[in-house]
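Notes for the structure review
Spelled out, the chains give:
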Amino acid sequence: MDSDLDSDFDSDLDSDATDGAKPDQRKTRRGSELAPGPADLPPPELALPDAAEDTDPAASSAEDDDEARLPEPAEETPGETTGPVGESRLAAGHAAIERAVRLAPTSPGVYRMLNAVSDVLYVGKAKNVRKRLTSYARANAPLPARILRMIAATVAVEIISTATETEALLLEANLIKQLRPRFNVQLRDDKSFPYILITGDHWAPQILKHRGAQSRPGRYFGPFASAGAVNRTITALQRAFLVRSCTDAFFESRTRPCLLYQIRRCSGPCTGEIDFPGYTELVREATDFLSGRSRSVKQELAHEMETASTELEFETAALYRDRLAALSAIQSQQGINPRTVEEADLFAIHQEGGYSCVEVFFFRTGQNWGNRAYFPRAEKSFTPEEVLASFLGQFYDDKPPPRLILLSHRIEESELLADALSVKAGFKVEISTPQRGEKKELIGHALTNAREALGRKLADTATQSRLLDGMAATLGLPHPPKRIEVYDNSHIQGTNAVGAMIVAGPDGFIKNQYRKFNIKSEGLTPGDDYAMMREVLQRRFRRLLAPASEDGAAKRKADDDSFPQWPDLVIIDGGRGQLNTVREIFEEMGLSQVSLPSLLAVAKGPDRDAGRETLFMPDREAIKLEPRDPVLYFIQRLRDEAHRFVIGSHRKLRKKDLREAGLQEIPGIGPSRKRALLHHFGTLKEVERASIADLGKVPGVSAESARKIFEFFHARPD
């Protein structure tokens, strides 16, 4: 998406949105969060790959646990050939490279091959740039078809000199991630990894999940493979060590212990339920456990439990028993905990069907902190070793490496990569391909995971393809849609109006393409859904119609990663009226002469029952599908995902307004009651979370006032 987007046309996919996720709220892959009850379950072939997780702050998230979508097959850019390379174009490419050879240095550097429209086709590095380019310039050299196509499309070569080959390798990885040239291996869906932080800037340290720069004082433990792994670990650590997770502001405002103290997940340092030395000891134990000294910590707890039991202090003994059980739960969730590997990242690659899957495991302090599957984009001619070598350079471009990296395949220039990572990390990094022992067993386990992950992804992709084929046949589309956009609006009596767009394609929901639109039209009648939809669609499609600058075009190309920007199908939540409005908007904008997508409106059935929807398309009779029709279930999933996303965006906007306005916006709540509420609950957020019964316990708040306060914070948006 263009870098010059309006501030109110933004993505909800920020790390802050995901850091608040709770493990018991997490959604499972492939759409189970929208699955019907047992009696209404559709056939198993309806599973939607990469089902959308929550991507807004108002809902929980499992964004790190979903596997990346499979890359689309490499497409030829204009002027490139898919068959035998034309002799004239190949000769022109050789001539362009020969011109670059005359000016190329004999020192290390990075070179970029460009096509006729200055798109970067390939980024490479060499110890001797002139020698490397000369190998491309030889007319009769036996080169793979992929390289010949690249040479035939090349019209210019740019060169950047570096002081050492190590610098060239690091620069090459950085440029590949930035420019995404089509003839290179591309690491996709690369996200920062979460850490566990035990803060060091407060007398009562806090345990929390952390992303980004490690600037806050404290101890950082990680990386973890997913936000879910961090959430589960923190929850278990709270049970085991009773360390607080609340913010400093909440901590300072407490006059009585919160619910976490009551359920034995916090020791209550905020109100003096535990003294400073006692809390410091709990923090030390938690730090020791995360630092790899789990055995000694468990031995200490077991000794304390036996001592308490001997002294007939059974309640204290039961507390130590529960803490030991929580520690055991952490280690059981971690699966394999190697005996001989203290700190390492493990990479295993499996190729099948022209696709590659790289499974990554993280081991720190002798513990398994999770694994994740990647599906890098690479042409079929790349060997596993070539894919893995390029993947590693890009993977560690923005991440600190461990002291040991274990690989399933031996790669070329492993020593050079190890030297480059050592320079970057400030300590010696070893890259190894184990052949025996426990490390070899770990590699075998990772290869099994890579093979199974790729098998699942290929099966999911095939299922999605069948669903799209069925949709095209049912709706009479000219071809299965590659990009589906679904739009919906949300507001409460016209306030905090927001529109949203979700996107789906051959690989399921494409979350990084989701967008929200803050409705800002002046003079708009509150609650006018037609006018809101008009604004959203006009802003969306005017941006597509407007000529983009070269920088903007390059940004879009990098963002979409060969995923089309123009939709083949637009779905609206509504009936014939909404459909006619959208059709008028498209005609006014002249889309019929540019790229008119197919239109579909989905009207809810009587009593809003799922399975009884009516489908409307232009110039056609209304369509009614059988309740268990796979295509109908698929359309319901798309519509419900748009509704979920827009509701979350609306709630985020509304909560922001509430925090800015304060309690004075609630009818009947004056300054005295506001002070009483804040004194009782500490923060506005806790007032929002409170039940009617809890609100009624505040001095000066009657049952009717409690009901009004509760309804104000929990009103359902339209």
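Above this text is the structure in question.
Attention in this report is confined to the structure presented alongside it. (Residues numbered from 1 in each chain as written. Predicted model: local features only at pLDDT ≥ 70, side-chain atom pairs only at ≥ 80, totals over all residues. Heavy atoms only, no water.)

Moving on: the overall build of the chain. A tally of regular secondary structure across the chain gives 22 helices and 19 strands. Summarising the internal contacts of the chain: among those between residues at least 6 apart in sequence, 68% fall at separations of at least 24. Accessible area of the chain: about 32300 Å², with a carbon and sulfur share of 51%. (Helix = DSSP H or I, 4+ residues; strand = E, 2+ residues; numbered from the N terminus. Contact = heavy atoms within 4.5 Å. Areas by Shrake-Rupley, 256 points an atom, 1.4 Å probe, with all protein chains shown as cover.)

We now examine the sheet that holds strand β6 (residues 207–210). One open sheet holds the three strands; their spatial order is β6-β5-β7, and the pairing between them is antiparallel. The open sheet has two edge strands with one neighbour each: β6 and β7 (218–221). Geometrically, the sheet is characterised by an average inter-axis angle of 30° between neighbouring strands, direction not taken into account. Where strand β5 (residues 195–199) lies against β6, four bridges are found, and the strand directions are antiparallel. Counted as the bridge partner of L197 is L208 from β6. Contacting β5 and β6, helix α6 (residues 227–241) crosses the sheet at an angle of about 175° to β6. (Pairing = 2+ DSSP bridges. Axes fitted to C-alpha atoms, helices over the stretch in contact; angles between N-to-C directions.)

Quick look at the packing of aromatic side chains now. Tallied over the full model, the rule gives 18 aromatic pairs. Residues F193 and F362 carry aromatic rings whose centres are separated by 4.9 Å and whose planes lie at 65° to one another, so their mutual orientation is edge-to-face. Of this pair, F193 sits in the loop between α5 (165–179) and β5 while F362 is found in strand β9 (residues 355–364), placing the two residues 169 residues apart along the sequence. A relative accessible area of 6% means that F193 is categorised as buried. Ring geometry for Y374 and F395: centres 5.8 Å apart, planes at 90°, overall edge-to-face. In this pair, Y374 is assigned in strand β10 (residues 367–374) and F395 in helix α12 (residues 384–395), connecting sequence segments 21 residues apart. Of the two residues examined, Y374 and F395, each falls in the buried class. Within the aromatic cluster, the residues linked to one another by ring pairs are F193, F347, F362, Y374, F391, F395 and Y396. Stacked on the ring of F382, the Lys or Arg R146 has its end atom at 3.9 Å from the ring centre. (Phe/Tyr/Trp six-rings, centres within 6.5 Å; stacked < 30°, edge-to-face > 60°. Buried < 20%, exposed > 50% of the residue type's maximum accessible area, 1.4 Å probe, protein only. Lys NZ or Arg CZ within 6 Å of the ring centre and 35° of its normal.)

For A96, the location among the structural elements is in helix α2 (residues 87–103). Judged by relative accessible area, A96 falls into the buried class, the value being 5%. It is 5.7 Å that separates the C-alpha atoms of A96 and A156, two residues lying 60 residues apart in sequence.

Turning to the environment of V503, a few remarks are in order. With respect to the secondary-structure elements, V503 resides in strand β14 (residues 495–505). By relative accessible area, which is 0% here, V503 ends up buried. For the pair formed by V503 and E641, sequence separation is 138 residues and the distance between their alpha carbons is 9.6 Å.

This part covers the packing of helix α15 (residues 529–545) against helix α17 (residues 576–588). Here α15 crosses α17 at 35°, and the two axes come no closer than 10 Å. The way α15 lies across α17 gives a crossing that is right-handed. Residues Y530, M533, R534, L537, Q538 and F541 of α15 form the contact with α17, whose participating residues are G577, Q578, T581, V582, E584, I585, F586 and E588. Grouping the constituent residues of the contact of α15 with α17 by class yields seven nonpolar, four polar and three charged. (Left-handed = near helix turned anticlockwise from the far one by under 90°. Nonpolar A, V, L, I, M, F, W, Y, C, P; charged D, E, K, R; others polar.)

Glancing now at the packing of α2 against helix α4 (residues 145–153). Viewed as axis vectors pointing N to C, α2 and α4 meet at an angle of 75°, and their least axial separation amounts to 6 Å. Between α2 and α4, the angle falls in the class roughly perpendicular. Where α2 approaches α4, its residues R89, L90, G93, H94 and I97 are matched on the opposing element by L148, I151, A152 and A153. Residue classes in the contact of α2 with α4 are distributed as six nonpolar, two polar and one charged. (Parallel < 35°, antiparallel > 145°, perpendicular 65-115°, else oblique.)

Now for the pattern of salt bridges. A full pass over the atoms with the stated rule returns 22 salt bridges. Between R149 and E379 there is a salt bridge whose closest N-O contact spans 2.8 Å. On the criterion of sequence distance, the pair formed by R149 in helix α4 and E379 in the loop between β10 and α12 is long-range, its members being 230 residues apart. The class for R149 is buried, based on a relative accessible area of 14%. The exposure class assigned to E379 is buried, which follows from its relative accessible area of 13%. (Salt bridge = Lys/Arg side-chain N within 4 Å of Asp/Glu carboxyl O.)

This part is about the nonpolar core. In terms of nonpolar packing, the biggest core is built from 31 residues, with M471, L475, I484, L600 and L638 touching the most fellow members. For this core, the element with the most residues is helix α18 (residues 630–661), which contributes nine residues. Discounting chain neighbours no more than four positions away, the residues touching M471 are G476, L477, P481, I484, L569, V631, F634, I635 and L638. (Core = buried A, V, L, I, M, F, W, Y, C linked by side-chain atoms within 4.5 Å.)

The next thing to look at is the side chain of Q186. Relative to the helices and strands, Q186 resides in the loop between α5 and β5. Overall, the relative accessible area of 3% leaves Q186 in the buried class. For Q186, the side chain forms a polar contact with the main-chain oxygen of R180, separated by 3.1 Å. Only 2.8 Å separates the side chain of Q186 from the backbone oxygen of P181, close enough to count as a polar contact. (Polar contact = N/O pair within 3.5 Å; in protein donor to acceptor, adjacent residues only side chain to side chain.)

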